[in-house]
Amino acid sequence: AQTVTQSQPEMSVQEAETVTLSCTYDTSESDYYLFWYKQPPSRQMILVIRQEAYKQQNATENRFSVNFQKAAKSFSLKISDSQLGDAAMYFCAYRSVFNGANSKLTFGKGITLSVRP
Amino acid sequence: EAGVAQSPRYKIIEKRQSVAFWCNPISGHATLYWYQQILGQGPKLLIQFQNNGVVDDSQLPKDRFSAERLKGVDSTLKIQPAKLEDSAVYLCASIQSSRSDTQYFGPGTRLTVL
């Protein structure tokens, strides 16, 4: 079974600065998807960024980018130019490429990010 | 495009009572998931539907939890009787098919069992 580990429960960043959130995972599969989801206090889980494991290039979405290290099974999220609206819980999640029952997401415990004005 | 809808947003009940949650996925999305998110943890899958059939309910406590998706569109999750440890946020998510990779989540229902 796959596992996702987020070992930092909380992080804080100054507005306009850069912060990196860490995630490691364990799997025996060679191809899979990885995601970062944001969950504000309103609880709506919002997709931030996704990475396909077979792609060596790191995904980027505006101020958000990932550092995907497949051999190390590491998948960190970098937020540049942090904004007050980035304050939320961030979850790292894994999904197999296989369909059916394997399409569920396996989540880490999450990290609470606060942004200081 | 309308997102995933869930109701109610909040529910407070006494232990041993019953409760039901409703989810309406994005139009055309064949696959629907119910996740349970206990405070301080990541969501955990309870049940997955493909159209109106169950794909995975291995983590559903079947002695008290039940779910259905009769017409392959909206879904209901029920707890009867509720226990204190059922206090959590219940999230519904959908994707177009299980071959799609990105799940879209609803706002969740926060259940408090007293």
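Read on for an overview of the structure. (Residues numbered from 1 in each chain as written. Chains lettered and ligands numbered in written order. Predicted model: local features only at pLDDT ≥ 70, side-chain atom pairs only at ≥ 80, totals over all residues. Heavy atoms only, no water.)

A word on the overall build of chain B. Helix and strand content of chain B: zero helices and eleven strands. The linear arrangement of helices and strands in chain B, starting from the amino end, is β-β-β-β-β-β-β-β-β-β-β. Its C-alpha atoms give chain B a radius of gyration of 13 Å, near enough to 13 Å, the size a compact globule of 114 residues would have. Principal axes of the C-alpha set define a box for chain B whose edges measure 40 × 25 × 25 Å. A buried classification covers 48% of the 114 residues belonging to chain B. Considering only contacts within chain B whose residues lie at least 6 apart along the sequence, 53% involve residues at least 24 apart. Just so you have it, chain B exposes about 5,500 Å², and 47% of that area is on carbon and sulfur atoms. In chain B, the 13 positive side-chain charges and the 10 negative ones have mean positions that sit 4 Å from each other. (Helix = DSSP H or I, 4+ residues; strand = E, 2+ residues; numbered from the N terminus. Rg over C-alpha atoms; globule rule 2.2 N^0.38 Å. Buried < 20%, exposed > 50% of the residue type's maximum accessible area, 1.4 Å probe, protein only. Contact = heavy atoms within 4.5 Å. Areas by Shrake-Rupley, 256 points an atom, 1.4 Å probe, with all protein chains shown as cover. Lys, Arg positive; Asp, Glu negative; His and termini not counted. Charge placed at Lys NZ, Arg CZ, Asp CG, Glu CD.)

This part takes up the pattern of salt bridges. When charged atoms on two side chains of opposite charge get close, those side chains can pair. Residue and element names in this part refer to chain A. Taken as a whole and judged by the stated rule, the model has six salt bridges over all chains. Two residues, Lys55 and Glu52, come together in a salt bridge whose shortest N-O distance is 3.3 Å. Residue classification places Lys55 among the partly exposed residues on the basis of a relative accessible area of 39%. (Salt bridge = Lys/Arg side-chain N within 4 Å of Asp/Glu carboxyl O.)

A few words on the packing of aromatic side chains. Throughout the structure, instances matching the rule amount to 16 aromatic pairs over all chains. When the centroid spacing of 5.7 Å and the interplanar angle of 40° are considered together, the rings of Tyr35 of chain B and Phe105 of chain B count as tilted. Taken as a pair, Tyr35 of chain B in strand β4 (residues 31-37) and Phe105 of chain B in strand β10 (residues 104-105) lie far apart in primary sequence, 70 residues in all. Grouped by ring-pair contacts, the aromatic residues Tyr33, Phe35, Tyr37, Phe91 and Phe107 of chain A together with Tyr33, Tyr35 and Phe105 of chain B constitute a single cluster. (Phe/Tyr/Trp six-rings, centres within 6.5 Å; stacked < 30°, edge-to-face > 60°.)

Below, the discussion takes up the pairing of strand β7 (residues 65-68) of chain B. Residues and elements named next belong to chain B. Relative to strand β8 (residues 75-79), β7 runs antiparallel, the two sharing four bridges. Residue Glu68 lies in a different strand from β8, and its bridge partner there is Thr76. Between β7 and the antiparallel strand that follows it, β8, lie six residues; Gly72 among them carries a positive phi value of about 75°. (Pairing = 2+ DSSP bridges.)

By volume, the largest pocket amounts to about 340 Å³. Gln36, Gly42, Pro43, Lys44 and Leu45 of chain B are the residues nearest the centre of the largest pocket, which is lined by 20 residues in total. Listed by contribution, the elements that provide at least two residues to the lining of the largest pocket are β11 (106-107) of chain A together with β5 (44-50) of chain B. Of the residues assigned to the lining of the largest pocket, the class counts are eight nonpolar, six polar and six charged. Reported here for the second largest pocket is a volume of approximately 280 Å³. Lining of the second largest pocket is provided by 16 residues; of these, Gln39 of chain A together with Gln37, Leu39, Val89 and Arg110 of chain B occupy positions nearest its centre. Of all the secondary structure elements, the ones that give two or more residues to the lining of the second largest pocket are β10 (88-96) of chain A together with β9 (88-95) and β11 (109-113) of chain B. (1 Å grid on protein atoms, 1.4 Å probe; cavity = no way out; pocket = protein on both sides within 12 Å on 5 of 7 lines; lining within 4 Å. Points joined across faces, edges and corners; volume = space filled by probe spheres on them. Nonpolar A, V, L, I, M, F, W, Y, C, P; charged D, E, K, R; others polar.)

Our focus in this paragraph is the interface of chain B and chain A. Facing 28 residues of chain B, the contacting portion of chain A comprises 21 residues. Across the chain B to chain A interface the summed buried area is about 1,900 Å²; carbon plus sulfur atoms make up 48%. Run the count over chain B and chain A and you get seven residue pairs in polar contact (both at pLDDT 80 or more). Among the elements of the structure, β4, β5, β6 (53-56), β9 and β11 of chain B are those that each provide at least two residues to the side of chain B that touches chain A. (Buried area = accessible area lost by both parts, 1.4 Å probe. Polar contact = N/O pair within 3.5 Å; in protein donor to acceptor, adjacent residues only side chain to side chain.)

Our next topic: the state of the cysteines. Residues and elements named next belong to chain A. Taken as a whole and judged by the stated rule, the model has two disulfides over all chains. Through a disulfide, Cys23 is tied to Cys92; the S-S separation comes to 2.0 Å. Its S-S torsion of approximately -70° makes the covalent link between Cys23 and Cys92 left-handed. Of the two residues, Cys23 is situated in the loop between β3 (19-21) and β4 (24-26) and Cys92 in strand β10; the sequence distance between them amounts to 69 residues. A residue is classified by how much of its surface remains accessible, and Cys23, at 3% relative accessible area, is buried. (Disulfide = S-S within 2.5 Å.)

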